[in-house]
Amino acid sequence: MGMARLAILGAGAWGTALALQAARAGRQVALWARDADRAAAIAAAGENARYLPGAALPPGLLVTADLGAALAGAEAAILAVPAQHLRAMLPRLLPHLADPAPPLVLAAKGVERGTLLLPLEVVAAVLPGAAAAVLSGPNFAHEVAAGLPAAAVLAAADPALRERLAALLATPEFRLYGSDDPMGAQVGGAAKNVIAIAAGAVIGAGLGENARAALVTRGVAELSRLAMALGGRAETAAGLSGLGDLLLTASGPASRNTSLGIALGRGEALAAVLAGRVGVTEGVATAPALVARAAAAGVELPICEAVAALLDGRLTVAAAMARLLSRPRRDE
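Residues numbered from 1 in each chain as written. Predicted model: local features only at pLDDT ≥ 70, side-chain atom pairs only at ≥ 80, totals over all residues. Heavy atoms only, no water.

- If you check an unreviewed UniProt entry, the protein chain appears there as Glycerol-3-phosphate dehydrogenase [NAD(P)+] from Paracraurococcus ruber.
- Turning to the protein chain, the UniProt record has this under Pathway (unreviewed entry): "Membrane lipid metabolism; glycerophospholipid metabolism."
- Within the UniProt record for the protein chain, the comment given under Sequence similarities (unreviewed entry) is "Belongs to the NAD-dependent glycerol-3-phosphate dehydrogenase family." (UniProt positions renumbered as here; feature names shortened; annotations may be inferred.)

Next comes the structure, spelled out in structure tokens:
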């Protein structure tokens, strides 16, 4: 394919890791940072010291705060901005998109507060007709940045679009699987962050590994129910963008959502935990929005409901666990 150009919009940990991966895949890469000073600092240091220290950017990788420069000649644009910032970002792209516009790859996971829309639905509302796909899966940014083996899902209804995007980004170490179930992939990506907070709270509260395993397993059942109610498929919940992503995110303190849950489980206050963080913990904004979206679809999500109540102070960890454990007995 020669030196195809890829624009990565969002210079957090995941955006930076994807820029490194795109360069590894032999692409010309532009990494866009919202703040000009941040872009200049990353370019000068040759690394994103704030979000991904120690991961050297290859020479020739453009870091810029100029959207026009980032999008010029791009064959695809990967949006690695937090889910809650996606709507504000999209109209800013319009003046800089070529005709035909490059496809958008959504790397954010979550549900928009207020509208209760998933990322692809936000794109459809703001940029009707835009070609867009979802990138999701069990990927810690620091490991992808280091070139360690990983797999992810590229989900889009159009098989040609999936194939084209996978060819731009995949390498033997970063294996991309196509999926024609973008709804299921998005639900998995959103729900796993919420369930991981619950998993962390169980560990932080000293309730043990058995409890965490039970909770994560029931969490998969929850995200599967919601995916199916919204038009996705059950098997997607058992794949990389569902169970795979949940296993990684709920597995330990390297996950922002699990570490937040651990802190809450130990009795720390949410505001204090968030104040000490650099990156966005997506599960916090997503929990109430996910629960509301599920309620609108007539789906019960007991674990996610407990997390939402824990986050807004309606329940303590002990009360949340008691509520989950006291649910009526039934067959699995």
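Considering the UniProt feature "binding site: sn-glycerol 3-phosphate" (unreviewed entry) in the protein chain
Phase 1: In the numbering used here, UniProt assigns the feature "binding site: sn-glycerol 3-phosphate" (unreviewed entry) to Lys 109, Gly 137, Lys 192, Asp 245, Ser 255, Arg 256 and Asn 257.
Phase 2: By the secondary structure assignment, Asn 257 is in helix α12 (residues 256–265).
Phase 3: Given a relative accessible area of 6%, Asn 257 falls into the buried group. (Helix = DSSP H or I, 4+ residues; strand = E, 2+ residues; numbered from the N terminus. Buried < 20%, exposed > 50% of the residue type's maximum accessible area, 1.4 Å probe, protein only.)

Considerations on helix α7 (residues 159–169)
Phase 1: For α7, the complete set of buried residues consists of Leu 161, Arg 162, Leu 165, Ala 166, Leu 168 and Leu 169. Buried residues of α7, viewed axially, fall in a sector of 155 degrees; they line one side. Residues Pro 159, Ala 160 and Glu 163 are exposed on α7 and point more than 90 degrees away from its buried face.
Phase 2: Between the side-chain oxygen of the N-cap and the backbone nitrogen of Ala 160 there are 2.9 Å, and the N-cap of α7 in question is Asp 158. (Arc of directions from axis to C-beta. Polar contact = N/O pair within 3.5 Å; in protein donor to acceptor, adjacent residues only side chain to side chain.)

Some thoughts on unusual backbone geometry
Phase 1: The linkage connecting Asp 99 with the following residue, Pro 100, adopts the cis geometry, with an omega of 5 degrees.
Phase 2: Examined against the element boundaries, Pro 100 turns out to sit in the loop between α4 (86–93) and β5 (104–106).
Phase 3: One non-glycine residue, Leu 116, lies in positive phi territory at about 65 degrees.
Phase 4: Topologically, Leu 116 is positioned in the loop between β5 and α5 (119–126).

Brief notes about the side chain of Ser 259
Phase 1: Structurally, Ser 259 is set in helix α12.
Phase 2: The exposure class assigned to Ser 259 is buried, which follows from its relative accessible area of 19%.
Phase 3: Polar side-chain contacts of Ser 259 include one of 2.7 Å to the side chain of Arg 277.
Phase 4: Once residues lying within four places of it in the same chain are set aside, the contact partners of Ser 259 are Pro 253 and Arg 277. (Contact = heavy atoms within 4.5 Å.)

A short note on the UniProt feature "domain: Glycerol-3-phosphate dehydrogenase NAD-dependent C-terminal" (unreviewed entry) in the protein chain
Phase 1: Residues given the UniProt feature "domain: Glycerol-3-phosphate dehydrogenase NAD-dependent C-terminal" (unreviewed entry) here are residues 181–321.
Phase 2: Regarding residues 181–321, the helix share stands at 74% and the strand share at 0%, and the terminal C-alpha atoms are separated by 33 Å.

Details of the packing of helix α9 (residues 209–229) against helix α11 (residues 240–249)
Phase 1: Relative to each other, α9 and α11 sit at 150 degrees, their axes nearing to 10 Å. Relative to α11, the element α9 lies roughly antiparallel. Crossing hand, α9 versus α11: right-handed. Across from Val 216, Gly 219, Val 220 and Leu 223 in α9, the residues of α11 making contact are Gly 242, Leu 243 and Leu 246. (Axes fitted to C-alpha atoms, helices over the stretch in contact; angles between N-to-C directions. Parallel < 35°, antiparallel > 145°, perpendicular 65-115°, else oblique. Left-handed = near helix turned anticlockwise from the far one by under 90°.)

What about the environment of Ser 255?
Phase 1: If you trace the backbone, Ser 255 turns up in the loop between α11 and α12.
Phase 2: Separated by 27 residues in sequence, Ser 255 and Met 228 have C-alpha atoms that sit 27 Å apart.
Phase 3: Apart from residues lying up to four places away in sequence, Ser 255 is in contact with Phe 140 and Thr 249.
Phase 4: A distance of 2.8 Å separates a polar atom in the side chain of Ser 255 from the backbone oxygen of Thr 249.

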